[in-house]
Amino acid sequence: MIEQKNLAGSFILPGNSMTLNRMGYGAMQLAGPGVWGPPRDVNTAIAVLREAVDSGVNHIDTSDYYGPHVTNQLIKQALYPYAKDLVIVTKLGARRGPDKSWLHALSRQELVDAVHDNLRNLGLDHLDVVNLRVGGITEPGQESIEEPLTVLAELKRQELIRHIGLSNVTPKQLAEARTIAEIVCVQNFYNVAHRSDDAFIDHLAGQGIAYVPFFPLGGFTPLQSSVLDAAAASLGATPMQVALAWLLQRSPNILLIPGTSSLEHLRENLESSMLQIPPGVVADLHLP
């Protein structure tokens, strides 16, 4: 079944050391319901990871607090030893409570422990890219991020981290961060129906920094729109394929990490990298 390629071209992270195919894969949905515990079908989870990489994906987004530990352990089980060009991007800044809640984990010790948890569960001696996750569930806060980012900068000097990114941040927080460390990517909430980061994306593109939209298909409340349905019907595609293709056409610095635990949905997502949306249809895609 592995035939389609394209994957929407590539993007070189700042520093010219890592070239990522723009269509990646997000591992969050590989964990059990509520991103907690093991998947219902471990063999299918492993098959999804292997097919993603075999199809040309060389950028996997994960975190050790998915599960917790589950997705990283699955990635190692499925893909270790890793392909030379595979870039694994992880996130720090949160932990899971015993009640399955999502809690901030931004103290020095929590960040150091999280780096070592990711290293151990992925079977690595360094992490390619680490995103510092701050703010709320979908919206950034306004607080200074100097203290936690300084910890990551120290871990980078210790060569436990190669590159640093940010997640759920404002332009002001990015400016603060860039006085402390080089930032190679920003991961914020953005999709065809939620476009508050439009100006931010353009600014990052001018700086050569990647923008990685989380919840590109709406997240826990999937995108639903008659406009999206009509566009999909006109193109012979699914609404979700149109939503992903729109993001890829939105700006060349956008990298996608749609997640799924289904081989069928994985294939649909990857096929969207070859879908070209005509300008007239793009103009119609203004979702309420």
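Cut-off values and rules
Residues numbered from 1 in each chain as written. Predicted model: local features only at pLDDT ≥ 70, side-chain atom pairs only at ≥ 80, totals over all residues. Heavy atoms only, no water. 1 Å grid on protein atoms, 1.4 Å probe; cavity = no way out; pocket = protein on both sides within 12 Å on 5 of 7 lines; lining within 4 Å. Points joined across faces, edges and corners; volume = space filled by probe spheres on them. Nonpolar A, V, L, I, M, F, W, Y, C, P; charged D, E, K, R; others polar. Core = buried A, V, L, I, M, F, W, Y, C linked by side-chain atoms within 4.5 Å. Buried < 20%, exposed > 50% of the residue type's maximum accessible area, 1.4 Å probe, protein only. Helix = DSSP H or I, 4+ residues; strand = E, 2+ residues; numbered from the N terminus. Contact = heavy atoms within 4.5 Å. Pairing = 2+ DSSP bridges.

(A) Expanded view of the layout of surface pockets. Approximately 270 Å³ is the volume found for the second largest pocket. Surrounding the second largest pocket, 18 residues form its lining, Ala83, Lys84, Leu86, His126 and Asp128 being those nearest its centre. Class assignment for the residues of the lining of the second largest pocket results in nine nonpolar, four polar and five charged.

(B) Structural detail: the nonpolar core. Ranked by size, the top nonpolar core spans 84 residues in total, and within it Tyr25, Leu49, Ile75, Leu166 and Val242 carry the most contacts. Counting residues per element, this core draws most heavily on helix H8 (residues 239-250), at seven residues. Apart from residues no more than four positions distant in its own chain, Leu49 is found in contact with Tyr25, Leu30, Ile60, Leu74, Ile75, Ala78 and Leu79.

(C) Spatial organisation of the pairing of strand E11 (residues 210-214). Within E11, five of the five residues are buried, which leaves it mostly tucked inside the rest of the structure. Judged by which residues are buried, E11 turns out to be covered on both faces: Ala210, Val212 and Phe214 on one side and Tyr211 and Pro213 on the other are all buried. As paired elements, strand E10 (residues 183-189) and E11 share five bridges and run parallel to each other. Bridge pairing in E11 links Phe189 to Phe214.

(D) Seen up close, unusual backbone geometry. With an omega of -15 degrees, the peptide bond between Gly67 and Pro68 qualifies as cis. Topologically, Pro68 is positioned in the loop between strand E4 (59-61) and helix H2 (70-79). The amide bond that connects Tyr80 to the next residue, Pro81, takes the cis arrangement and shows omega of 0 degrees. You can see Pro81 is positioned in the loop between H2 and strand E5 (87-92). Phi is positive for Val35, close to 55 degrees, though the residue is something other than glycine. Accessibility expressed as a relative area gives 8% for Val35, which makes it buried.

(E) Looking closely at empty space enclosed by the protein. A complete count under the given rule lists one cavity of 30 Å³ or more for this structure. In this structure, the largest cavity occupies an estimated 60 Å³ of space. As for the largest cavity, its lining consists of Leu13, Leu20, His59, Asp61, Val89, Asn131, Cys185, Gln187, Val212 and Leu255. Elements with a contribution of two residues or more to the lining of the largest cavity: E4 and E10. Split into classes, the residues belonging to the lining of the largest cavity amount to six nonpolar, three polar and one charged.

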